[in-house]
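What the coordinates show
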Amino acid sequence: MIFAGDQQGRKQALAKLLPYQREDFIGIFRTMKGLPVTVRLLDPPLHEFVPQDEAAISRLATSMGLSIETLRARIESLEEINPMLGHRGCRLGITYPEIYAMQARAIFEAAAQLTKEGTSVLPEVMIPPNRNGPRTADHEKDLR
């Protein structure tokens, strides 16, 4: 997902991740047995999830059918010199709204499945913090 070249590629990768996320939430909700569960949507520094050593970069480039130079350029584009200017807080969801959409879908599909099975589920979705109220409102609208 991190290395997808466009939104369609990210959506395809996220579609593969959806079942894993849903199963994770099913497990969490079952364990919590009807207690509230707060799920914070992702806001990680993406550059921390990419390979840094040359051997791993080479293997990943080969597996993705990319040149090492193309992959290295993508890795460098993700680096954050100043976290305040990166994808922390709600900015990941602004840049890549499909990530939050997949997470919300996984949360609510898990909740719906368990509810149908008779398990009480109380999911609470936390949008990563920001200092701009309209951005939070936009995310809330998108997730509904």
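Please refer to the structure higher up on the page.
I will try to describe carefully the structure that is included in this document. Keep in mind it's a predicted model, so treat the numbers as computed, not measured.

1. Digging into the layout of surface pockets
If a probe as big as a water molecule is rolled over the atoms, it shows which places are left empty. One number sums up the size of the largest pocket: a volume of about 310 Å³. Contributing elements (two or more residues each) for the lining of the largest pocket: α1 (7–32) and α5 (97–116). Of the residues that constitute the lining of the largest pocket, the class distribution is 14 nonpolar, one polar and no charged.

2. A look at the side chain of Q21
Of note, Q21 is situated in helix α1. Sequence-distant contacts of Q21, that is, excluding residues within four places in its chain, are made with M102, Q103 and A106.

3. A closer look at the nonpolar core
Judged by nonpolar contacts, the single largest core of 29 residues is most densely connected at F25 and F29. Breaking this core down by element, the ones donating at least two residues are α1, β1 (36–40), α2 (54–64), α3 (68–78) and α5. Counting residues per element, this core draws most heavily on α5, which supplies eight residues.

4. A look at the side chain of R22
Examined against the element boundaries, R22 turns out to sit in helix α1. Here R22 is in contact with A106, E109 and A110, once residues within four sequence places are set aside.

5. A short note on the packing of α2 against α3
Where α2 contacts α3, the two axes come as close as 9 Å, and the packing angle between them is 115 degrees. When the axes of α2 and α3 are compared, the pair comes out roughly perpendicular. Of the two possible hands of crossing, α2 and α3 adopt the one that is right-handed. On α3, the residues that touch E54, I57, S58, L60 and A61 of α2 are I68, L71, R72 and I75.

6. Digging into the pattern of salt bridges
One pass over the structure, following the stated rule, counts five salt bridges. Where E109 meets R22, a salt bridge forms, and the shortest distance between an N and an O atom there is 2.4 Å. In this pair, E109 sits in helix α5 while R22 sits in helix α1, placing the two residues 87 residues apart along the sequence. Here E117 and R30 are joined by a salt bridge, their closest N and O atoms 2.8 Å apart. Residue E117 is found in the loop between α5 and β2 (122–126), and its partner R30 is found in helix α1; the two are separated by 87 residues along the sequence. R30 sits in the partly exposed class, given a relative accessible area of 41%. The network of salt bridges with common partners includes R22, R105 and E109.

Parameters at a glance
- Residues numbered from 1 in each chain as written.
- Predicted model: local features only at pLDDT ≥ 70, side-chain atom pairs only at ≥ 80, totals over all residues.
- Heavy atoms only, no water.
- 1 Å grid on protein atoms, 1.4 Å probe; cavity = no way out; pocket = protein on both sides within 12 Å on 5 of 7 lines; lining within 4 Å.
- Points joined across faces, edges and corners; volume = space filled by probe spheres on them.
- Helix = DSSP H or I, 4+ residues; strand = E, 2+ residues; numbered from the N terminus.
- Nonpolar A, V, L, I, M, F, W, Y, C, P; charged D, E, K, R; others polar.
- Contact = heavy atoms within 4.5 Å.
- Core = buried A, V, L, I, M, F, W, Y, C linked by side-chain atoms within 4.5 Å.
- Buried < 20%, exposed > 50% of the residue type's maximum accessible area, 1.4 Å probe, protein only.
- Axes fitted to C-alpha atoms, helices over the stretch in contact; angles between N-to-C directions.
- Parallel < 35°, antiparallel > 145°, perpendicular 65-115°, else oblique.
- Left-handed = near helix turned anticlockwise from the far one by under 90°.
- Salt bridge = Lys/Arg side-chain N within 4 Å of Asp/Glu carboxyl O.

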